Amino acid sequence: MLRLKNIRKKHFLLLYFTLVLSVITQAQINANIQKEITYPDFIKAVAQNNIAYAAEKLNINIAEANIEKSKIIPDPEFTAGVFNNDQHKMKMGYGYNIGLDWTLELGGKRKARVDLAKSESELSIYILQDYFRNLRADATVQYLTAIHHEQLMKLQFNSYETMDELAKSNSLRAKLGTITAIDAKQSKLEAKSIWNEAIQSIGNWKGSLNSLNLLMGSKHAELTQIALVNFSTFDRSFYLDDLIVHALSNRADLLYALQNKDVSEKMIRLTKVNRVLDLGITTGVTRNAEARNDLAPSPAFTSANFGISIPLKFSNHRKGELKEAFYTAQQAGLQHQEIELQVQTEVKQAFYNYEATQKQLQQFNSGILDDAKAILTGKLYSYKRGDSSLLEVLHAQRTYIEVQQNYYEILFNNAHALVILEQSAGIWDILF
């Protein structure tokens with residue numbers, strides 16, 4: 001009777017310790033956690049607050065400012081001077097002169113500059129669109145990663161609870177002499193091992209949540225909690241040829257490459273018109289006071305002048321700048337072809353990856369999870385009746401955990417593959 005009381009006392013202490021441990025663990029999980037955020041709200045926050053994206057947006061303003069700058073025509077130059085010849089023996093008088101110099105651009109230079117600046121402004125728009133295309137996909141993958149890590153964390157803790165209960169039961173059975181002390185120690189060791197993995201899973205989960213704050217431009221120390229989703233929503237049907245056609249028509253980086261060809265052509269146009277001669281126009285007024293000398297006295301007078309200057313562009317014989325613009329245009333054409341090929345390759349690879357993950361999911365939907373769970377439940381029942389060994393139970397437990405982990409991994413890989421496929425095809429209908 002005394003031995004039974006001691007066993008009950010130890011059992012009570014063990015339950016108390018487990019309860020305390022559970023409270024501590026829950027406190028670790030909930031530490032620094034903010035309110036829950038859904039995926040639509042998360043993507044909206046990324047679009048509005050991501051610092052790197054905000055910096056990219058300024059390129060649009062810079063391009064618009066460059067258009068205004070290209071409209072500037074050469075400023076006139078005002079000149080003025082005075083002279084005094086009265087101090088000379090001839091006393092030729094004193095006076096002043098003022099003038100205005102201006103360069104008249106010919107050949108449509110201003111229009112060519114404006115056209116080039118507008119074409120470059122279109123480039124900045126496509127660059128921003130492509131940046132957000134990649135940012136949105138990266139942010140979505142990171143959100144899915146956080147969900148994946150939370151699933152693994154919960155799996156580890158559920159597995160720990162199962163093994164911990166077995167360890168408690170074995171401890172009592174060992175005291176009663178129904179099983180060996182080795183089995184009790186083995187089950188306790190297994191529970192501690194799973195506990196360590198569960199603790200690590202908390203770190204992985206919180207690390208993924210912290211990455212969400214960076215994407216949202218959040219400076220708060222608190223972590224953002226996410227809403228768990230059903231990964232079955234990441235099921236789509238696509239035709240590869242349709243995806244390729246859509247990508248070639250809508251991918252922002254391909255539109256950028258096409259626009260870059262236009263920029264190169266306008267650069268050639270600007271280079272050519274810059275070789276056209278400009279006219280320098282000069283006009284001015286000179287005022288001379290009365291000359292009061294004995295040999296050649298003269299009254300005060302005012303004279304006006306007008307003239308033009310034509311630069312002698314010997315540099316036009318050197319066509320390095322024109323050749324540079326021409327070869328740059330050729331290069332832009334080849335780069336466009338290269339990106340077309342790259343886009344097709346990316347779409348095909350993403351399609352094949354998504355197709356593979358879909359087939360992997362079908363295997364799990366055929367009952368693998370249920371079988372693994374049934375085997376574990378059966379082994380636990382048989383072990384409690386003495387019909388199975390502890391090693392068989394541990395093997396079934398590890399198999400069940402591994403199958404669950406593989407299932408979560410394939411769910412994540414399928415969702416991730418869908419994100420990459422839609423990113424590569426230039427489409428987006430992901431909402432969960």
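Within each chain, residues carry numbers counting from 1 in the order of the written sequence. With pLDDT at 70 or above as the cut-off, local features in this predicted model cover only qualifying residues; side-chain atom pairs require 80 or more to be listed or tallied, and sums for whole chains, interfaces and linings still use all residues. Side-chain measures here rest on the full set of heavy atoms in the structure, leaving out hydrogens and waters.

Draft legend 1. Summary view of the overall build of the protein chain. Of regular secondary structure, the protein chain possesses 9 helices and 6 strands. The burial tally for the protein chain puts 38% of its 432 residues in the buried class. Within the protein chain, counting contacts between residues at least 6 apart in sequence, those at least 24 apart form 81% of the total. Accessible areas in this description were obtained via Shrake-Rupley with a 1.4 Å probe; residue shielding takes into account the shown protein chains only. Here the protein chain displays about 25600 Å² of accessible surface, and carbon together with sulfur accounts for 56% of that area. Here a helix means four or more residues in a row that DSSP labels H or I, a strand means two or more in a row labelled E, and each is numbered from the N terminus. Whether a residue is buried, partly exposed or exposed follows from its accessible area with a 1.4 Å probe, protein chains only, as a fraction of its type maximum: under 20%, in between, or over 50%, in that order. In what follows, a contact means two residues having at least one pair of non-hydrogen atoms within 4.5 Å.

Draft legend 2. How the structure looks around the confidence of the model for the protein chain. Think of pLDDT as the predictor's per-residue confidence, scored from 0 to 100. Here the protein chain averages 81 in pLDDT, and 85% of its residues register 70 or above. Per-element averaging of pLDDT across the protein chain places helix H1 (residues 2–30) at the bottom with 44 and helix H6 (residues 240–250) at the top with 93. Across residues 1–29 the pLDDT falls below 50, and counting only partners more than four positions away or on other chains, this stretch makes 25 contacts in the model.

Draft legend 3. Highlighting the sheet that holds strand E5 (residues 279–288). When DSSP finds two or more bridges between two strands, those strands count as paired. Taken together, 4 strands build an open sheet; the order of strands is E2-E3-E5-E6 and the sheet is antiparallel. If you trace the sheet from one side to the other, it starts and ends with strand E2 (77–84) and strand E6 (301–309), each paired once. Taken pair by pair, the neighbouring strands of this sheet meet at an average axis angle of 15°, ignoring direction. Bridging between E2 and strand E3 (residues 94–104) involves 8 bridges; their strand directions are antiparallel. Looking at the pairing, Phe-78 lines up with Leu-100 of E3. Every angle, taken between N-to-C directions, lies between 0 and 180 degrees, and every axis is a line fitted to C-alpha atoms, over only the stretch in contact when it is a helix.

Draft legend 4. How the structure looks around the packing of helix H2 (residues 39–49) against helix H4 (residues 109–176). Two numbers describe how H2 lies on H4: the axes approach to 10 Å, and their chain directions differ by 140°. Of the possible angle classes, the one that applies to H2 and H4 is oblique. The interaxial crossing formed by H2 with H4 has right-handed handedness. On the side of H2, the interface is formed by Tyr-39, Phe-42, Ile-43, Val-46 and Ala-47, while H4 contributes Phe-132, Leu-135, Arg-136, Ala-139, Thr-140 and Tyr-143. Among the residues making up the contact of H2 with H4, the classes are represented as 9 nonpolar, 1 polar and 1 charged. For classification purposes, an angle smaller than 35 degrees is called roughly parallel, one larger than 145 roughly antiparallel, one from 65 to 115 roughly perpendicular, and anything else oblique. Crossing handedness follows the turn of the near helix against the far one: under a right angle anticlockwise gives a left-handed crossing, and clockwise gives a right-handed one. Note on residue categories: nonpolar means Ala, Val, Leu, Ile, Met, Phe, Trp, Tyr, Cys or Pro, charged means Asp, Glu, Lys or Arg, and polar means any other residue, Gly included.

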